[in-house]
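# Structural features, examined
Below are the chains, spelled out letter by letter.
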Amino acid sequence: MKIENVGFIGLGAMGSVMAPLIVKAGYNVFGYDVGSKIEQSTGVNQVNSINDLINMDVIIFMLPNSKIVAQVTNELLDLNTKSILIDMSSSDPRETKQLGKTLQDKGINFLDAPVSGGVARAKTGNLMIMAGGKVEHIKIVENILSVMGKVQFAGPLGSGHAIKALNNYVSAAGLIASFEALATARSFGIEPENFLKIINGATGKNNTTEVKLDKFVVSEKYNSGFALDLMVKDVSIANSLIKDFTTKNSLSKSVSHYLSESLEELGGNPDHTEVYKVIKK
């Protein structure tokens, strides 16, 4: 199957930098978003209605959650779309599997391919893309996905969304531990520079200590580009999966509760690195 026309629904922080990469790879890209606009210079053709996407070869979703993905998908089904659908959002894997059954009955190929790496790596096409679905379906769209990052097969449909949630849970646990350690070290009189050199040269290093602490926390910029409410959502999904498949007495329960409480205390739409402000108190 030759793919030429790609629809991209969701032009927010991530979608607005991912869609232009597909243009650069030689595809015709048509973007749609209910609120966000994208610069014409990106080469993405922004359409005013979802109706304008019904003849796309592939449609990619980069939306806030799986319920919105389902709503948009139902709109496309009402328009009799036959496009291959790829959900690159952070969705609930159980809802992804449910939606997949509906689409399979209608003969529509559906994949989940969420990403990790944030806006910085999205801009450079260096995301980790976790693909779930049938291998033969993934191969059809692998060239498109690969312009946005490294494609790693996760397993059957829903597996990409499951591992994305679990990845963000592991990341969140490391985030909280790192923030607590930094705040304690500073109170003890250890300078952040020394803390980072020692932690990152020892066994405690993780993504937060290596990438986030100096750039977003010690600098007090708190502008990583990943909203705390999205982390809360992903960790909540992971906690639910762990509860269903592993154990009810999990660390994920505490991490999920901690993040939710921090979001409530901070108010507004804080960056996830602002959790440090709560810990510092």
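Conventions used here
- Residues numbered from 1 in each chain as written.
- Predicted model: local features only at pLDDT ≥ 70, side-chain atom pairs only at ≥ 80, totals over all residues.
- Heavy atoms only, no water.
- Salt bridge = Lys/Arg side-chain N within 4 Å of Asp/Glu carboxyl O.
- Buried < 20%, exposed > 50% of the residue type's maximum accessible area, 1.4 Å probe, protein only.
- Helix = DSSP H or I, 4+ residues; strand = E, 2+ residues; numbered from the N terminus.
- Lys, Arg positive; Asp, Glu negative; His and termini not counted.
- Contact = heavy atoms within 4.5 Å.
- Axes fitted to C-alpha atoms, helices over the stretch in contact; angles between N-to-C directions.
- Parallel < 35°, antiparallel > 145°, perpendicular 65-115°, else oblique.
- Nonpolar A, V, L, I, M, F, W, Y, C, P; charged D, E, K, R; others polar.
- Pairing = 2+ DSSP bridges.
- Right-handed = clockwise from strand over helix to strand, strands pointing away.
- Phe/Tyr/Trp six-rings, centres within 6.5 Å; stacked < 30°, edge-to-face > 60°.
- Core = buried A, V, L, I, M, F, W, Y, C linked by side-chain atoms within 4.5 Å.

## Some words on the pattern of salt bridges
If you walk through the whole model with that rule in mind, you get eight salt bridges. Here glutamate 4 and lysine 2 are joined by a salt bridge, their closest N and O atoms 3.3 Å apart. Its relative accessible area of 37% is what places glutamate 4 among the partly exposed residues. On the basis of relative accessibility, which here comes to 66%, the residue lysine 2 falls in the exposed class. The closest approach of N and O atoms between aspartate 92 and arginine 94, which form a salt bridge, is 3.1 Å. Taking the relative accessible area as the measure of exposure, arginine 94 reaches 29% and is therefore partly exposed.

## Considering the side chain of aspartate 112
Counting through the fold element by element, aspartate 112 comes out in strand 6 (residues 110-112). It turns out aspartate 112 is buried and unbridged, and the closest side chain with the opposite charge, lysine 97, is 10 Å from it. Setting aside its immediate chain neighbours within four residues, aspartate 112 contacts Asp87, Thr96, Met130, Ala131, Gly132, Gly133, Leu157, Gly158, Ser159, Gly160 and His161.

## Thoughts on the packing of helix 2 (residues 66-78) against helix 3 (residues 93-105)
In a pair of packed helices, the angle between the axes and the distance between the axes together describe the arrangement. Closest axis-to-axis distance for the helix 2/helix 3 pair is 10 Å, and the angle between their directions is 10°. What the angle tells us is that helix 2 and helix 3 run roughly parallel. Each of Ser66, Lys67, Val69, Ala70, Thr73 and Leu77 in helix 2 lies in contact with helix 3, whose residues at this interface are Glu95, Leu99, Thr102 and Leu103.

## Section: the packing of helix 7 (residues 192-199) against helix 8 (residues 207-218)
Where helix 7 contacts helix 8, the axes come no closer than 10 Å and their chain directions differ by 170°. Relative to helix 8, the element helix 7 lies roughly antiparallel. In contact with Pro192, Phe195, Leu196 and Ile199 of helix 7, helix 8 contributes Thr209, Leu213, Asp214 and Val218. Class assignment of the residues belonging to the contact of helix 7 with helix 8 gives a composition of six nonpolar, one polar and one charged.

## Remarks on the pairing of strand 4 (residues 58-61)
Side-chain alternation along strand 4 places Val58 and Ile60 on one buried face and Ile59 and Phe61 on a second face that is also buried. Looking at chain direction, strand 1 (residues 5-9) and strand 4 are connected through four bridges and run parallel. Each bridged residue has a counterpart across the sheet, and for glycine 7 the counterpart in strand 4 is isoleucine 59. Regarding topology, helix 2 serves as the crossover connection from strand 4 to the parallel strand 5 (residues 84-87), and that connection is right-handed.

## Let's talk about the pairing of strand 8 (residues 127-132)
Among the six residues that make up strand 8, five are buried, leaving the element largely enclosed by the rest of the structure. Note: strand 7 (residues 115-116) against strand 8, two bridges, orientation antiparallel. Within the sheet, the bridge partner assigned to valine 115 lies in strand 8 and is isoleucine 129. Assessed by its sense of winding, the connection that carries the chain from strand 8 through helix 5 (residues 135-146) to strand 9 (residues 149-155) is right-handed.

## Digging into the environment of phenylalanine 216
On the secondary structure map, phenylalanine 216 appears in helix 8. When the C-alpha atoms of phenylalanine 216 and valine 58 are compared, they prove to be 36 Å apart, with 158 residues separating the residues in sequence. Filtering out sequence-adjacent residues up to four positions away, phenylalanine 216 remains in contact with Val211, Lys221, Tyr222, Asn223, Ser224 and Thr273.

## A look at the packing of aromatic side chains
Counted by the stated rule, this structure contains one aromatic pair. When the centroid spacing of 5.6 Å and the interplanar angle of 80° are considered together, the rings of phenylalanine 179 and tyrosine 276 count as edge-to-face. With phenylalanine 179 in helix 6 (residues 159-187) and tyrosine 276 in helix 11 (residues 275-280), this residue pair connects regions lying 97 residues apart in the sequence. Taken as a pair, phenylalanine 179 and tyrosine 276 share a single burial class, namely buried.

## Let's talk about the nonpolar core
Phe8, Met18, Ile60, Ile86, Met88 and Met148 are the most contacted members of the largest nonpolar core, which totals 34 residues. Secondary structure elements with two or more residues in this core: strand 1, helix 1 (15-24), strand 4, strand 5, helix 4 (118-123), strand 8 and helix 5. Here this core takes five residues from helix 1, the largest share from any one element. When neighbours within four sequence positions are excluded, phenylalanine 8 is seen to be in contact with Gly15, Met18, Ala19, Ile22, Val29, Phe30, Gly31, Tyr32, Ile60, Met62 and Met148. Counting residues in each nonpolar core, the second largest holds 29 residues, with Ala172, Leu175, Val232 and Leu241 among its members.

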